[in-house]
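# Geometric and topological summary
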Amino acid sequence: MKTFLNKNSPYLFITPALFLLLIFSIVPIIISLIISFTDINITGLADWSKIHFIGLSNYVNLFNDPAFLQSIGNSIFYVVIGVPFVIACSMGIALLINFGDSWIFRLFRLIFYAPSITNVVAVAVVWNYLYNPQFGLLNYMLQFVHLGPVPWLQDPFIAKISLIILALWRAIGVNMLIFLAALQGIPKAYYEAAQIDGANSWQRLTKITIPMLRFATFFVTVTTLIGWLQFFEEPLVMTSGGPLNSTNSIALFIYQNGFQFSKFGYAAAGSMILFVIIIVVTLIQFRGQRKQQDNQM
Amino acid sequence: MVLPFIWMLLSSVKTDMEILQIPPSIWPKSFTLDNFITLFTQMDFLVYLKNTIIIVLFSFVGMFLNAIAGYGFAKYRFKGKNSLFYLVLATMMIPGQVTMIPVYLLLNMAHLTNTLLGIALPGMVGAFGIFLFRQFMSTISDEIIEAARLDGCSEFYIFWKIILPISRPVLAVQGILTFIAGWNSFIWPLIIANDQKYYTLSVGLALLKGQHASNYALQMAGSAFMVIPIVIVFLALQKYILQGFNVSGMK
């Protein structure tokens, strides 16, 4: 009996968690792939005989759907503008905070980290108020420097930027901590040696610090890129994708088609495309990283 | 960086009238808690709060499942262990939007839509949590476990009485992150709950934003009610959260 228990206990221990992961992560991918070839919608949900295989129609329709193409364009915009900003800001702030260890630096670390743990809806509601063209604080402050009023969420182009600012504000915290951890791992001896050789602080930054942060930068780049490709809650709560579909992301497009228009098959096809985009982008990143390492060897 | 928080707090204690003034007043002329009272008397925030707490409790059950699975992967040798563990890690790559629709269909088939269980289930366990527990528990020495086994302790007793107490640092980090994630949960309640009875605070707040679009004082009070508990938890336990990044192997 004892040996029986010992042999089986690891399986007993991992089964509950593995079962839930299987049901809610792995099985859904297969279902998603299958239903992306069907026309399942709200009637198909109640009566399975109403579901038909329609081959690649969903995919063909997606690439002829201006709303989908626009959401891809918007997502590319978010990635191209958002990723460099997140990396630059979180690395810059980490470098500044790393200068000292007094209470003021620790306070700033807390302040910059705080936005990333707060509720996205609450944050979006607060920023929505800040961005209000009439009563908002931002336009009121801009008045003092004789600027504005800025149509933060009303202009199709500025609305995208406004959402990026909000997401940047939220994203800095976690990435800053990753950079800080990496900065503390750089051996002090490198800097001492560079100082003896007469390197100035700019050279020390560009020749030692930034190259030594290579792995952290890579990690932050990959996770941020994936994060921006899945950009969802901010446009959902702030703008619902508007004005004129200009802030709609791929993820939000999938949500709208799935849960507002109940076109489950169509939305599943969109989600498979998003999945492929994420995998391809991540693989390119890893390949680039490897090439860079080879060159340095 | 803190400006949005301060503005939120200041605005949440202003009256309706004052908030729509042009130019806006920076410091509230008269402090009022009416907005917070309205949330609970005229809106259903008490129900949302109750649902949110139930979701948080479910998440803690999930954390326990993560811990026990992490222990299974850390301290046992069994057939298919490595491939199963890679499978767990692979689920981290799957974007939420891909699973959103099929999970809804699955829960719908199981008649779990519009139940709190249905809202909680999809997010209960996570690969990242299993991974962190495994990393920490692999560092526990085998001798302790062997000694307990020789004394005739059952495997579950060993986990409960020996492994969990030793794992207190990682439990603290995971506990805080679990609380924050449960408290903030938004997507699953939004998708699974059609009835306001099952809304969580964040979904209720999104609804409030739609229904009372111009009542910013009320919106700010709702936001403050969501943010303040998290900020208090964060300030009280920040030592553990910031340490968590070292536990998670980022060093």
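Treat the numbers as computed from the prediction; the structure is a model and nothing was measured.

Residues and elements named next belong to chain A. Here the UniProt-annotated "transmembrane region" (unreviewed entry) positions come out as residues 12-35, 76-98, 110-131, 157-183, 212-231 and 264-284. Taken as a whole, residues 157-183 contains 100% helix and 0% strand, while its terminal C-alpha atoms sit 36 Å from one another. Split by type, residues 264-284 is 100% helix and 0% strand. Its first and last C-alpha atoms lie 30 Å apart.

Another aspect to go through is the packing of helix α4 (residues 45-75) of chain B against helix α11 (residues 168-184) of chain B. All names here are of chain B. Between α4 and α11, whose axes approach to 8 Å, the crossing angle comes to 145°. Considering the relative orientation of α4 and α11, their crossing is right-handed. On the side of α4, the interface is formed by Leu49, Thr52, Ile55, Val56, Ser59, Phe60 and Met63, while α11 contributes Leu171, Gln174, Gly175, Thr178, Phe179, Gly182 and Trp183. Here the residues of the contact of α4 with α11 are counted per class, giving eight nonpolar, six polar and no charged.

This paragraph deals with the nonpolar core. Met176 and Trp228 of chain A together with Phe45, Tyr71, Met137, Phe159 and Ile191 of chain B are the most contacted members of the largest nonpolar core, which totals 174 residues. The element that contributes the greatest number of residues to this core is helix α8 (residues 156-184) of chain A, accounting for 14 residues. Among all residues touching Trp228 of chain A, those that are not within four sequence positions of it are Tyr78, Val79, Gly82, Val83, Val86, Ile164 and Ala167 of chain A.

A word on the confidence of the model for chain B. Averaged over chain B, the pLDDT score is 86; the fraction of residues at 70 or greater is 95%. Across the whole predicted complex the pTM is 0.87, and at the interface the ipTM reaches 0.84.

All names here are of chain B. Where helix α8 (residues 127-137) meets α11, the closest approach of the two axes is 10 Å, and the angle between their N-to-C directions is 165°. Classified by the angle their axes make, α8 and α11 are roughly antiparallel. Read as a crossing pair, α8 and α11 show a hand that is right-handed. Note on element contacts: α11 touches α8 through Pro169, Val170, Leu171 and Gln174, opposite Gly129, Leu132, Phe133 and Phe136. Across the contact of α8 with α11, the residue classes tally to six nonpolar, two polar and no charged.

Taken as a whole and assessed by the stated rule, the structure comprises one cavity of 30 Å³ or more. When its volume is computed, the largest cavity comes out at roughly 30 Å³. What lines the largest cavity is Ala122, Val123, Val126, Trp127 and Trp169 of chain A together with Pro4, Phe5 and Met8 of chain B. Looking at the lining of the largest cavity, the elements that each hand over two or more residues are α6 (120-130) of chain A together with α1 (3-12) of chain B.

Time to look at the pattern of salt bridges. Residues and elements named next belong to chain B. Tallied over the full model, the rule gives four salt bridges over all chains. The closest approach of N and O atoms between Arg149 and Glu146, which form a salt bridge, is 3.2 Å. Taken together, the residues Arg149 and Glu146, both in helix α9 (residues 142-150) and three residues apart, mark about one turn of the helix.

Below, the discussion takes up α11 of chain B. Each α-helix turn comprises 3.6 residues. Residues three or four places apart therefore point the same way. Over its 17 residues, α11 of chain B runs 24 Å from end to end, which matches the ideal 24 Å to within 8%, given 1.5 Å per residue. Within α11 of chain B, burial applies to Val170, Val173, Gln174, Gly175, Ile176, Thr178, Ile180, Gly182, Trp183 and Asn184 of chain B.

Before going further, it helps to spend a moment on the packing of aromatic side chains. For the structure shown, the criterion picks out 41 aromatic pairs over all chains. Measuring from centroid to centroid gives 5.1 Å for Phe218 of chain A and Phe286 of chain A, while their planes differ by 85°, and the two rings are edge-to-face. With Phe218 of chain A in helix α11 (residues 214-229) and Phe286 of chain A in helix α14 (residues 264-296), this residue pair connects regions lying 68 residues apart in the sequence. When its relative accessible area of 11% is taken as the criterion, Phe218 of chain A is described as buried. Ring pairs connect the aromatic residues Phe13 of chain A together with Phe64, Tyr71, Tyr76, Phe156, Phe159 and Trp160 of chain B, which therefore count as one cluster. The ring of Phe77 of chain A is capped by Lys160 of chain A, whose NZ or CZ atom sits 5.6 Å from the centre of that ring.

What counts, and where the lines are drawn
- Residues numbered from 1 in each chain as written.
- Chains lettered and ligands numbered in written order.
- Predicted model: local features only at pLDDT ≥ 70, side-chain atom pairs only at ≥ 80, totals over all residues.
- Heavy atoms only, no water.
- UniProt positions renumbered as here; feature names shortened; annotations may be inferred.
- Helix = DSSP H or I, 4+ residues; strand = E, 2+ residues; numbered from the N terminus.
- Axes fitted to C-alpha atoms, helices over the stretch in contact; angles between N-to-C directions.
- Left-handed = near helix turned anticlockwise from the far one by under 90°.
- Contact = heavy atoms within 4.5 Å.
- Nonpolar A, V, L, I, M, F, W, Y, C, P; charged D, E, K, R; others polar.
- Core = buried A, V, L, I, M, F, W, Y, C linked by side-chain atoms within 4.5 Å.
- Buried < 20%, exposed > 50% of the residue type's maximum accessible area, 1.4 Å probe, protein only.
- pLDDT = per-residue confidence, 0-100.
- Parallel < 35°, antiparallel > 145°, perpendicular 65-115°, else oblique.
- 1 Å grid on protein atoms, 1.4 Å probe; cavity = no way out; pocket = protein on both sides within 12 Å on 5 of 7 lines; lining within 4 Å.
- Points joined across faces, edges and corners; volume = space filled by probe spheres on them.
- Salt bridge = Lys/Arg side-chain N within 4 Å of Asp/Glu carboxyl O.
- Expected span 1.5 Å × (residues − 1).
- Phe/Tyr/Trp six-rings, centres within 6.5 Å; stacked < 30°, edge-to-face > 60°.
- Lys NZ or Arg CZ within 6 Å of the ring centre and 35° of its normal.

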